[in-house]
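So you can see what is in the structure, the chains are spelled out below.
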Amino acid sequence: MSDIAVEKEIKELTAATTPWNVVVYNDPVNLMGYVTMVFQKVFGYARARAEKHMMEVHQQGRSIVWSGERERAEFYVQQLHGYLLLATLEKPE
Amino acid sequence: MLIRRLKDHVVIDQLDIFSLEILRLIPVSANPEGCREAEDRLYSRPELVEGEFTEDWEAYVKPELHHLFQSATETVETDLNSTQEIVPDEGGIEYRLKVPGTHVEAWVNAVNQARLVIAAKHRFNSADLEGGLPDSIESPRDMALLQIHLYDFLLLSLLQELE
């Protein structure tokens, strides 16, 4: 296998295995208690973990609430939109 | 307004006619039609840069979200239609609304949806929302702010019932 082919294969493998991020952004309307409840329901997080992410969203403007394989990340983004949170699917730089 | 759990229902009790009318506005207030900002808020972007995922989203997910949002407001509308009139011993008229336990999540979603649509339509910012109740109701915007505050109380009370 040529060096170029190996490099291409490594890139493809890296792209396939790099986790995708589910990111939630702050908005001024959703209540803090509501956002915490959504994180608990969607991800099954314990209250403390859900509140940590909620506070990150509130104070830093965004929080990576979950990372992992793309299909599951897409599912979580859809769930979060169902609860009207501002959520996006993002690939780490 | 008093919100309490009664067996398998959540009861919204001691409602005066004004509060009831504001609750009756939930379904219509949650409707974003005719306001681009409100529609954009309910159907926000699923990725920062539009790509293949967004195309699939528009085709398959957005209709599902529309159905989900509509279904929640229809549930609320149905429950509101069964509001009971109560005549307390001390006189006057109060209203009682019984929300089945299985409908509480739909109420949470619809009330939050209404808050987001109202805020988008009136372009409320953090300062507006954190500024408390308006001193007096002199404009549709004051009324909208009062409506959001009442929905805040209702939403937080319902969330407690979901815990």
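From a predicted model like this one, the values you see are computed outputs, not experimental measurements. (Residues numbered from 1 in each chain as written. Chains lettered and ligands numbered in written order. Predicted model: local features only at pLDDT ≥ 70, side-chain atom pairs only at ≥ 80, totals over all residues. Heavy atoms only, no water.)

S.K.: Summarise the overall build of chain B; cite the residues concerned and give the values.
M.R.: Helix and strand counts for chain B stand at seven helices and four strands. Traced from its N-terminal end to its C-terminal end, chain B shows the element sequence β-β-α-α-α-α-β-β-α-α-α. Along the three orthogonal principal directions, the C-alpha set of chain B runs to about 65 × 40 × 25 Å. Residue burial in chain B is summarised as follows: out of 163 residues, 46% are buried. Relative to all contacts within chain B whose residues are 6 or more apart in sequence, the contacts with residues 24 or more apart total 63%. As displayed, chain B offers around 8900 Å² of accessible surface, 49% of which is attributable to carbon and sulfur atoms. (Helix = DSSP H or I, 4+ residues; strand = E, 2+ residues; numbered from the N terminus. Buried < 20%, exposed > 50% of the residue type's maximum accessible area, 1.4 Å probe, protein only. Contact = heavy atoms within 4.5 Å. Areas by Shrake-Rupley, 256 points an atom, 1.4 Å probe, with all protein chains shown as cover.)

S.K.: Tell me what's going on with the pattern of salt bridges, and back it up with residues and numbers.
M.R.: All names here are of chain B. Counting across every chain of the model gives 15 salt bridges over all chains. Linking Asp40 and Arg36 is a salt bridge whose minimum nitrogen-to-oxygen distance equals 3.2 Å. With Asp40 and Arg36 both in helix H3 (residues 36-42) and four residues apart, this pair spans about one turn of that helix. The exposure class assigned to Arg36 is exposed, which follows from its relative accessible area of 61%. Taken together, the salt bridges that share partners define one network made up of Arg4, Asp13 and Arg96. (Salt bridge = Lys/Arg side-chain N within 4 Å of Asp/Glu carboxyl O.)

S.K.: Quick rundown of the interface of chain A and chain B? Include the residues and the values.
M.R.: Listed by partner, the interface residues are 25 residues for chain A and 29 residues for chain B. Across the interface of chain A and chain B, roughly 2300 Å² is buried in total on both sides, 65% from carbon and sulfur atoms. In this structure, the connection of chain A to chain B is made through two salt bridges. Among the salt bridges present, the one from Arg41 of chain B reaches Asp27 of chain A, with a minimum N-O distance of 3.2 Å. Our enumeration of links across chain A and chain B arrives at nine residue pairs in polar contact (both at pLDDT 80 or more). (Buried area = accessible area lost by both parts, 1.4 Å probe. Polar contact = N/O pair within 3.5 Å; in protein donor to acceptor, adjacent residues only side chain to side chain.)

S.K.: Explain the sheet that holds strand E2 (residues 62-68) of chain A to me, and be specific about the residues and the numbers.
M.R.: Residues and elements named next belong to chain A. With antiparallel pairing, three strands are arranged side by side in an open sheet as E2-E1-E3. Single-partner strands in this sheet number two, and they are E2 and strand E3 (86-90). For this sheet, the mean angle separating the axes of adjacent strands, direction not counted, is 25°. Here strand E1 (residues 20-25) runs beside E2; their pairing, made up of six bridges, is antiparallel. Residue pairing for E2: Tyr25 is matched across the bridge by Arg62. Contacts between helix H3 (residues 47-60) and the sheet are confined to E1 and E2, with E2 contributing the most and set at about 135° to the helix. (Pairing = 2+ DSSP bridges. Axes fitted to C-alpha atoms, helices over the stretch in contact; angles between N-to-C directions.)

S.K.: Talk me through the side chain of His81 of chain A; I want residue IDs and the actual numbers.
M.R.: Here His81 of chain A lies in helix H4 (residues 70-82). The contacts of His81 of chain A, once residues within four sequence positions are left out, are Ala87 of chain A together with Ser44, Arg45, Pro46, Trp57, Leu65 and Phe69 of chain B.

S.K.: Residues and numbers for the packing of helix H5 (residues 104-122) of chain B against helix H7 (residues 140-162) of chain B, please.
M.R.: Residues and elements named next belong to chain B. At a minimum axis separation of 9 Å, H5 and H7 run at an interaxial angle of 155°. In terms of orientation, H5 and H7 fall into the roughly antiparallel class. The hand of the H5/H7 crossing is left-handed. Contacts from Val104, Glu105, Trp107, Val108, Val111, Asn112, Ala114, Arg115, Ile118, Ala119 and His122 of H5 reach H7 at Pro140, Arg141, Ala144, Gln147, Ile148, Tyr151, Asp152, Leu154, Leu155, Leu158, Leu159 and Leu162. (Parallel < 35°, antiparallel > 145°, perpendicular 65-115°, else oblique. Left-handed = near helix turned anticlockwise from the far one by under 90°.)

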